[in-house]
2 protein chains.
Amino acid sequence: MTSVAVVGAGLVGCLAALGLSKKGYNVTLFELRDDPRKSINRELRSINLAVSDRGINALKYIDEELAQIVLSKVIPMTGRMIHDLDGNLQSQKYGLNGIEAINSIDRSYLNELLLNEVEKSGISLKFNHKLEKMDLKEQPKLIFQNNEEVSVDLIVGADGCFSKVRQNLQKFARMSYTQEFIDCAYLELSIPPGSNNDNKFLLDKNHLHIWPRDKFMLIALPNLDGSFTSTFFAPWDLIESLDDDESVLQFFKKYFKDAVGLIGEEKLLFAFKNHPKGKLLSLNCNPYHYQDKAIIIGDAAHSMVPFYGQGMNCGFEDVFVLLKLLESEPSVGDALSKYSSTRHEDLHAIIELAKENYKEMSHKVNSKLFLLKKQIDFMLTRILKDRWLPLYTMISFRSDISYSKAVKTHQRQNKILGYIQTAVVGLALLGAAKLFKSLRR
Amino acid sequence: MTSVAVVGAGLVGCLAALGLSKKGYNVTLFELRDDPRKSINRELRSINLAVSDRGINALKYIDEELAQIVLSKVIPMTGRMIHDLDGNLQSQKYGLNGIEAINSIDRSYLNELLLNEVEKSGISLKFNHKLEKMDLKEQPKLIFQNNEEVSVDLIVGADGCFSKVRQNLQKFARMSYTQEFIDCAYLELSIPPGSNNDNKFLLDKNHLHIWPRDKFMLIALPNLDGSFTSTFFAPWDLIESLDDDESVLQFFKKYFKDAVGLIGEEKLLFAFKNHPKGKLLSLNCNPYHYQDKAIIIGDAAHSMVPFYGQGMNCGFEDVFVLLKLLESEPSVGDALSKYSSTRHEDLHAIIELAKENYKEMSHKVNSKLFLLKKQIDFMLTRILKDRWLPLYTMISFRSDISYSKAVKTHQRQNKILGYIQTAVVGLALLGAAKLFKSLRR
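Since this is a predicted model, take the numbers as computed values, not measurements.

Q: I tried to follow the overall build of chain A on my own but got confused; where do I start?
A: A count of helical and extended segments in chain A gives 14 helices and 19 strands. In terms of C-alpha radius of gyration, chain A reaches 24 Å, essentially the compact-globule figure of 22 Å for 441 residues. If you line up chain A on its principal axes, its C-alpha atoms span 90 × 55 × 40 Å. Looking at chain A as a whole, 54% of its 441 residues qualify as buried. If you take every contact in chain A between residues at least 6 apart in sequence, the share linking residues at least 24 apart comes to 71%. Looking at chain A as shown, the accessible area adds up to about 20600 Å², and 52% of this sits on carbon and sulfur atoms.

Written as structure tokens, this is what we have:
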């Protein structure tokens, strides 16, 4: 039986361990930290997750029942709720029919749920194992900081954006690698549940709430207990300039008046003083594997900024793609090699989209032109059905369309939209000319 | 007195230590390896260096005498000597006047020369110090693998392309970073000295010899003892396919017939079996510093492929630029910050040029059009003097023109060349039309 070490018991690592174990591999899952289920230490810098089609598809492929459990614990969000400066609200649906939803879930909660599954399935789960070194010269070997050495047939690195597996892999594979810090910090805030027993939510719970203010923004995603996890995004110099109570309050009251009331002034100030300010990192590399010995997936291979809600969904899809290849290819080496050569353009596509979507979320959603374009997009979809799909729909609700295919289709559609626009303007001018002529007669 | 730890006693590290010490800093130079002057272990994967204007300028700025010593130990190369398939030779001068030269010198030799200077100047020099960790939270601290801890005011990382200082810096600075392995391996070969006592050189010693063969090439640079250090560059799949004596010999006799005779069949085969195959890495990052506490220079900050002969020259120029800023700026923090913000576009420019120059060396030098363009370039320089300079001249012989300025000037000149070409073609067509008309009369 092929032995696999999965490094990193986060979301993607857990799912990979479960999937590989189901396929008959002998899996051990190593985690640097202690069991998160034992402690109540939260890092206070989470951004709620939005599970969408690609994530759900991977979950279902690996364990239909697990997928149902996860789906029973989410809150569907069918659209964005835009909060303007005066507190006016505007709902913008994500999907054509208004029912397509991305699903809010708390990261720690989902992680614990997956860890429970891992344990139930008999996978050996080892916490407090800090990877020190990997040796891939002969049989893959992991050397941990406690001097424990483990030899396996295959190493799967799912140890996040500062991946130690990736760092070690670079000593063997000739890996191209790019990382870029985005000039944007984020800070976790929270909107508490209300006191109304029938509806504990202080905001509409089926929306992702956005306060778009161009260079900065606030968002809020619902939790099952009625609270909202809220995140403030802003350029570093701005967030660092908010360095005393007065400037924080003044700023928030000016730009997020309705939110201040919900968060509470005291808690807002506490968060600014005590919560860590997160960095946003975008990274990608290629190849993702070395021979038939090691591969990296999830954030270890491609961290992206959170603005398309695809980080975890993409990581889950990594697992799905890898499992499929392990099944269809003649050897593990072939599967890993094909993974690197075929998955790269999809990962590159979503990383770039995620970067671009900051503009849409913080700025474009405010624009009339954006809304008009969206209406035309939806209209064309209604007429042309599957032959015309909005980009957001393809990314979030159509796991059968790869990221790169989605981007290419979108570019083609955009060109056509351009032609239509030109034609419309041309016809309008022609009409105007005729009208003008008839008036002169 | 400000204390500085320079990490890495290679070429750039030694020069930085010397320069900082001369400016009055209290310098300690740490090196991972043992003293190279004690052992005769060569790594067998050097490519000879070509010292040119930027390197010399930095050396002179720091120590005029040292510069003269170095220059007395080099062999000037005034041009490329192209070897075609039949062994025919063609000299292509680097400079306008045929006397401008880049200067061949052995890397280990230059390194030892610099180490001797470092020792003479009283800088504390510590070998066998492997950096384990850096702490930049408060006062900069270096922690070595032997558990030695050293606190200083400033850390200068000159520890090469796999820099540990850079790796640690990334934990503090929000550093964008890109690395790319070029699909090209290299192998060190050697042409021995001849037996003629008056001229021990088997090839013209004042040229950089090139056997350009499009996808692969061989080069050779002269050494003082009459030998040539030769390097074979080829894509990985090609070099890996040359895996037995017969295929190596067949390949070399087909493409480098005259060189095989000089290298010797036995030594060629020995090298293919025993010398390591080097990887070529291109990397860059930004920023290069963190506060007033640490900065990286040389290959640690910007590895480039060797095809413009600028790696070491650029690293020496880093030292020059940094020393100048430390003198002119009000504080160390200001100097480091200005270094990052101003040096980046120059480094980016030369890294890209180096990548592009592989095409020129391995391919374009064979093209008639390339030679014609070069002639026009030289002609325009003769007419327009300083207002028209070939790119190679600006990069290699004009340290007063920054890399990025050189590239911009080159792009502008290229545009003008395009106009001239269009004008010439236009005039020629006009002439042809007139001629045609007159013939029809």
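Q: What am I meant to see in the relation of the copies chain A and chain B here?
A: Relating the two copies of this chain is a rotation about some axis coupled with a shift parallel to it. Note on the identical chains: chain A maps onto chain B by a rotation of 180° and an axial translation of 0.2 Å, with an RMSD of 0.2 Å. The two molecules are tied by a two-fold rotation axis, judged by turn and shift. Judged by C-alpha distance, A:Thr178 is the residue of chain A that lies nearest the rotation axis, at 2.0 Å. A share of 100% of interface residues in chain A that are also interface residues in chain B marks the association as one of identical surfaces.

Q: Whenever I open this one, the nonpolar core confuses me. Can you help?
A: Soluble globular proteins tend to bury their nonpolar side chains together. Counting 239 residues, the largest nonpolar core has A:Phe233 and B:Phe233 as the members making the most contacts within it. Setting aside residues up to four positions removed in sequence, A:Phe233 forms contacts with A:Ile47, A:Cys184, A:Ala185, A:Tyr186, A:Phe216, A:Met217, A:Ile219, A:Leu280, A:Pro306, A:Phe307 and A:Tyr358.

Q: Can you help me understand the packing of aromatic side chains in this one?
A: Aromatic ring pairs are reported here in terms of the distance separating the ring centres and the angle at which the planes meet. Residues and elements named next belong to chain A. Applying the stated rule across the entire model yields 47 aromatic pairs over all chains. Between the aromatic rings of Tyr186 and Phe233, the centroid separation amounts to 6.1 Å while the plane-to-plane angle is 40°, which identifies the pairing as tilted. Of this pair, Tyr186 sits in strand S13 (residues 176–191) while Phe233 is found in strand S16 (residues 228–234), placing the two residues 47 residues apart along the sequence. Across the pair, exposure class does not vary: Tyr186 and Phe233 are buried alike. Joined through ring pairs, the aromatic side chains of Phe216, Phe232, Phe251, Phe252, Tyr255, Phe256 and Phe272 make up one cluster. The ring of Tyr403 carries the charged tip of Arg54 above its face, separated from the ring centre by 4.1 Å.

Q: I keep staring at the side chain of A:Asp346 and nothing clicks. Help me out?
A: All names here are of chain A. By the secondary structure assignment, Asp346 is in helix H11 (residues 332–362). Here Asp346 is buried and forms no salt bridge, its nearest opposite-charge partner Arg343 lying at an N-O distance of 4.1 Å. Leaving out residues up to four positions away in the same chain, Asp346 has contacts with Ser402, Tyr403, Ser404 and Lys405.

Q: Would you mind showing me how to read the packing of helix H1 (residues 11–22) of chain A against helix H10 (residues 311–328) of chain A here?
A: Packed helices, taken two at a time, are described by their axes: the angle between them and the distance between them. Residue and element names in this part refer to chain A. Running from N to C, H1 and H10 point in directions that differ by 25°, and their axes come no closer than 9 Å. Here H10 runs roughly parallel to H1, going by the angle between their axes. The hand of the H1/H10 crossing is right-handed. Judged by residue contacts, Leu11, Val12, Leu15, Ala16, Gly19 and Leu20 of H1 engage Met312, Gly315, Phe316, Val319, Leu323 and Leu326 from H10. Looking at the contact of H1 with H10 residue by residue, the class counts come to 10 nonpolar, 2 polar and no charged.

Q: Which parts of the structure should I look at to understand the interface of chain A and chain B?
A: Taken together, the 15 residues of chain A in the interface contact 15 residues of chain B. Buried surface at the junction of chain A and chain B, both sides included, amounts to about 1400 Å², of which 43% is carbon and sulfur. One can count 0 salt bridges joining chain A with chain B. Between the two partners, chain A and chain B, sit 8 residue pairs in polar contact (both at pLDDT 80 or more). Ranked by residues supplied to the side of chain A that touches chain B, first place goes to S13(A) with 6 residues. Relative to strand S13 (residues 176–191) of chain B, S13(A) is paired through 3 bridges, and the arrangement is antiparallel.

Q: Explain the sheet that holds strand S1 (residues 3–7) of chain B to me, please; I cannot follow it from the model alone.
A: The strands making up a sheet associate through hydrogen bonds between their backbones, and the pairing can be parallel or antiparallel. Residues and elements named next belong to chain B. Sheet architecture is open: 6 strands sit in the order S8-S2-S1-S12-S19-S18, paired in mixed fashion. Looking along the sheet, the strands with just one partner apiece sit at the ends: strand S8 (124–126) and strand S18 (289–290). As judged from the 3 bridges shared by strand S2 (residues 26–30) and S8, these two strands associate in the parallel manner. Bridge pairing links Thr28 to Ser124 in S8.

Q: I'm lost on the pairing of strand S1 (residues 3–7) of chain A in this one. Help?
A: Walk down a regular strand and you will see the side chains alternate between the two sheet faces. All names here are of chain A. Burial runs high along S1: 5 of the 5 residues are buried. Of the two faces of S1, the one lined by Ser3, Ala5 and Val7 and the one lined by Val4 and Val6 are each fully buried. As judged from the 5 bridges shared by S1 and strand S2 (residues 26–30), these two strands associate in the parallel manner. Residue pairing across strands places Ser3 opposite Asn26, the latter belonging to S2. Once the chain exits S1 it traverses H1 before rejoining the sheet at S2, and the crossover so formed is right-handed. Here S1 pairs with strand S12 (residues 154–157) via 4 bridges, running parallel. Its bridge partner lying in S12, Val7 is registered against Gly157.

Q: What am I meant to see in the sheet that holds strand S11 (residues 149–151) of chain B here?
A: Residue and element names in this part refer to chain B. Reading across from one edge, S9-S10-S11 is the order of the 3 strands in this open sheet, with antiparallel pairing throughout. Each edge of the sheet is formed by a strand with only one pairing partner; in this case those strands are strand S9 (131–135) and S11. On average, each strand axis in the sheet is tilted by 20° relative to the strand beside it, whichever way the strands run. The sheet contact formed by S9 and strand S10 (residues 141–144) spans 4 bridges and is antiparallel. When the sheet's bridge partners are listed, Lys133 is paired in S10 with Ile143.

Q: What's the story with the environment of A:Val365 in this structure? I'm lost.
A: Residues and elements named next belong to chain A. Mapped onto the elements, Val365 comes out in the loop between H11 and helix H12 (368–384). Val365 sits in the buried class, given a relative accessible area of 1%. Each C-alpha atom of the pair Val365 and Trp211 lies 10.0 Å from the other, and the pair is 154 residues apart in sequence.

Q: What should I look at first to understand the state of the cysteines in this one?
A: Disulfides are covalent bonds that link the sulfur atoms of two cysteine residues. Scanning all chains against the criterion turns up 0 disulfides over all chains. For A:Cys161, which is in no disulfide, the shortest distance to another cysteine sulfur is to A:Cys285 and amounts to 12 Å.

Conventions we followed
- Residues numbered from 1 in each chain as written.
- Chains lettered and ligands numbered in written order.
- Predicted model: local features only at pLDDT ≥ 70, side-chain atom pairs only at ≥ 80, totals over all residues.
- Heavy atoms only, no water.
- Helix = DSSP H or I, 4+ residues; strand = E, 2+ residues; numbered from the N terminus.
- Rg over C-alpha atoms; globule rule 2.2 N^0.38 Å.
- Buried < 20%, exposed > 50% of the residue type's maximum accessible area, 1.4 Å probe, protein only.
- Contact = heavy atoms within 4.5 Å.
- Areas by Shrake-Rupley, 256 points an atom, 1.4 Å probe, with all protein chains shown as cover.
- Least-squares fit on C-alpha atoms with pLDDT ≥ 70 in both.
- Core = buried A, V, L, I, M, F, W, Y, C linked by side-chain atoms within 4.5 Å.
- Phe/Tyr/Trp six-rings, centres within 6.5 Å; stacked < 30°, edge-to-face > 60°.
- Lys NZ or Arg CZ within 6 Å of the ring centre and 35° of its normal.
- Lys, Arg positive; Asp, Glu negative; His and termini not counted.
- Salt bridge = Lys/Arg side-chain N within 4 Å of Asp/Glu carboxyl O.
- Axes fitted to C-alpha atoms, helices over the stretch in contact; angles between N-to-C directions.
- Parallel < 35°, antiparallel > 145°, perpendicular 65-115°, else oblique.
- Left-handed = near helix turned anticlockwise from the far one by under 90°.
- Nonpolar A, V, L, I, M, F, W, Y, C, P; charged D, E, K, R; others polar.
- Buried area = accessible area lost by both parts, 1.4 Å probe.
- Polar contact = N/O pair within 3.5 Å; in protein donor to acceptor, adjacent residues only side chain to side chain.
- Pairing = 2+ DSSP bridges.
- Right-handed = clockwise from strand over helix to strand, strands pointing away.
- Disulfide = S-S within 2.5 Å.

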